[in-house]
Structure formats: structure tokens, C-alpha cells
Amino acid sequence: MTITELYTQLSDKDFQNHQTGNLFFPAYMYMYDPEKEYEVDAEILDIKNRLHRPSNYLDVMVIDIFEVFVEYLKQEKFGRETKFNYYTQFETSKPDAVDKSLKMDAYNQRFLNFLSNKIEEHLKQANDFEVAYVFVKGFGRSFPYIRASRFMNNFEKYIKGYKLIMFYPGEAKNYYSLFELLKDENLYRAIKLINE
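Caption draft 1: View of the overall build of the protein chain. Of regular secondary structure, the protein chain possesses nine helices and nine strands. Contacts in the protein chain between residues far apart in sequence, at least 24 positions, make up 73% of those at least 6 positions apart. Summed over all atoms, the accessible surface of the protein chain reaches about 10,600 Å², with 48% contributed by carbon and sulfur.

Caption draft 2: Just the confidence of the model for the protein chain, in detail. Looking at the protein chain, the pLDDT average stands at 82 and 82% of residues meet or exceed 70. Of all helices and strands in the protein chain, the one with the weakest mean pLDDT is strand β7 (residues 175-178) (48), whereas helix α4 (residues 65-75) scores best (97).

Caption draft 3: Summary view of the packing of α4 against helix α7 (residues 109-124). Direction vectors running N to C along α4 and α7 enclose 115°, while the axes themselves pass 10 Å from each other. Overall, the two elements α4 and α7 adopt an arrangement that is roughly perpendicular. Between α4 and α7 lies a crossing of right-handed hand. Contacts from Ile65, Val68, Phe69, Glu71, Tyr72 and Gln75 of α4 reach α7 at Arg110, Phe111, Phe114, Leu115 and Lys118. The residue inventory of the contact of α4 with α7, partitioned by class, reads seven nonpolar, one polar and three charged.

Caption draft 4: View of the packing of α4 against helix α5 (residues 83-90). Where α4 meets α5, the closest approach of the two axes is 5 Å, and the angle between their N-to-C directions is 95°. Overall, the two elements α4 and α5 adopt an arrangement that is roughly perpendicular. Seen from α4, the contacting residues are Val70, Leu73 and Lys74; seen from α5, they are Lys83, Phe84 and Tyr87. For the contact of α4 with α5, the class distribution of residues is four nonpolar, no polar and two charged.

Caption draft 5: The packing of aromatic side chains, seen in detail. The full count for this structure, using the stated rule, is 12 aromatic pairs. Ring geometry for Phe69 and Phe111: centres 5.1 Å apart, planes at 75°, overall edge-to-face. With a gap of 42 residues between them, Phe69 in helix α4 and Phe111 in helix α7 connect regions that are remote in the sequence. In this structure Phe69 comes out as buried when scored by relative accessible area, which is 5%. Residue classification places Phe111 among the buried residues on the basis of a relative accessible area of 0%. Relative to Phe90, the ring of Tyr86 has its centre 4.8 Å away and its plane inclined at 50°; by these criteria the two rings are tilted. With Tyr86 and Phe90 both in helix α5 and four residues apart, this pair spans about one turn of that helix.

Caption draft 6: Inspection of the nonpolar core at higher detail. Among the nonpolar cores identified, the biggest contains 34 residues, and Phe139, Ile146, Phe151, Phe155, Leu164 and Met166 are the most heavily contacted of them. Secondary-structure elements contributing two or more residues to this core are β1 (27-32), β2 (61-64), α4, α6 (95-105), α7, β5 (133-137), α9 (148-155) and β6 (163-172). Excluding residues that lie within four positions of it along the chain, Ile146 makes contacts with Ile65, Phe69, Ala106, Tyr107, Phe111, Phe139 and Phe151.

Caption draft 7: α7, seen in detail. Taking 1.5 Å of rise per residue, 16 residues should cover 22 Å, and α7 covers 22 Å from first to last C-alpha, within 8% of that figure. For α7, the complete set of buried residues consists of Phe111, Leu112, Phe114, Leu115, Ser116, Ile119 and His122. Packed against the buried residues of α7 are β2, α4, α6, β5 and α9.

Caption draft 8: Broad picture of the pairing of β5. Counting buried positions along β5 yields five of five residues, so the element is predominantly enclosed. Burial along β5 is two-sided: Tyr133, Phe135 and Lys137 facing one way and Val134 and Val136 facing the other are all buried. Across four bridges, the pairing between β2 and β5 is parallel. Each residue of the ladder has a partner; that of Ile63, found in β5, is Val136.

Each value, and the rule that gives it
Residues numbered from 1 in each chain as written. Predicted model: local features only at pLDDT ≥ 70, side-chain atom pairs only at ≥ 80, totals over all residues. Heavy atoms only, no water. Helix = DSSP H or I, 4+ residues; strand = E, 2+ residues; numbered from the N terminus. Contact = heavy atoms within 4.5 Å. Areas by Shrake-Rupley, 256 points an atom, 1.4 Å probe, with all protein chains shown as cover. pLDDT = per-residue confidence, 0-100. Axes fitted to C-alpha atoms, helices over the stretch in contact; angles between N-to-C directions. Parallel < 35°, antiparallel > 145°, perpendicular 65-115°, else oblique. Left-handed = near helix turned anticlockwise from the far one by under 90°. Nonpolar A, V, L, I, M, F, W, Y, C, P; charged D, E, K, R; others polar. Phe/Tyr/Trp six-rings, centres within 6.5 Å; stacked < 30°, edge-to-face > 60°. Buried < 20%, exposed > 50% of the residue type's maximum accessible area, 1.4 Å probe, protein only. Core = buried A, V, L, I, M, F, W, Y, C linked by side-chain atoms within 4.5 Å. Expected span 1.5 Å × (residues − 1). Pairing = 2+ DSSP bridges.

Structure representation (C-alpha cells):
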């Protein structure tokens, strides 16, 4: 699926209904060539702006999962420090411990609640615009801490009142292949917005 076809799909009034989808599961994955990362980033903002126009009147929220995870770590306390400061302080002297802790933080309930609260706050502030979509990008930057399949498996229960569109720099075979090089994880049931 090209970016133009993606915009056409997202503009469709029937598709905008968060209750439509495969078994009413409102999560989709748009896979793209990792070499086009910056081009796709620009296209995401263009789609957001085009969907905001009166013809669609949608307020699309764009989340960089890496940036939100860093934001979470910077506000989350660990003793007298924030987790972000603590991890950066010990990342060279205790790399295995920091790596393990980051992987645990990426899927803990506190982070998922933090992310869900950000989305809920956006939904409340949308005013007259309908929020049909939340775009999530940044999976390449957050690897190996946040993996697309595990993220969806853990975040699924929070998706209510909108469709989540994940932008994934890679491909899907029997598993996700990040950057078309790294075996990420097994496929999740998010509906792939790609041409087979």
C-alpha cells in the first residue's frame, strides 16, 4: 500500500469508525521500506494535516513511541533520581542491569497507563474534531526495548474509541523483520495495511 492509498483508506468514512475492523479489533500496521524513514515521517505529518481539513475534520494524534518512553522515564522516580538519569548514569558501568530494567519498564503497567493517559487527554482536547486515529511511530528508534508485537499485545486493552495505526520500518513474514534485517517477534493480530 502506497502512502496515497493509505490516505485514501484513512479518509474513508466507514473505515474511520473505530468499531469496524477484523473482529472489531482497531489496530493496524503500515509497513514501509526502512530506507524511506524520513520520507514516511514527512508523509505521516502530511496525512495528519490533510485529515484535519474540513473535508474530513479529524484530529489525528501522532505519537513517537521512543519519545514518549523517554518522557516517561524522565518523570518516573527511582529513589531521588528519575529513571532516565539513573539509567544514563549506570549504562556504561552496569549495562546488563540497565538493559534488563529498560525492557521491563517498556511493558510495565505504569508506562502503558502513562501512554494511555496521554491519548485520553488528547481525545478530551479535540474539541469539535473527531479523533478517529492515533498514529504510532518510532519502533526503529526504540528497538530492542519496545517491540511492535509485544507492545500491541500489552497495549491492546487500552485501545478504545479510536483506531491505532502503527508505522513499522520493516516487513512481515512469519515474524516481524525490523529494517528487513532483524528478526523482531512473531506476528501480532494487527491488520497489516500492505499489499501482499
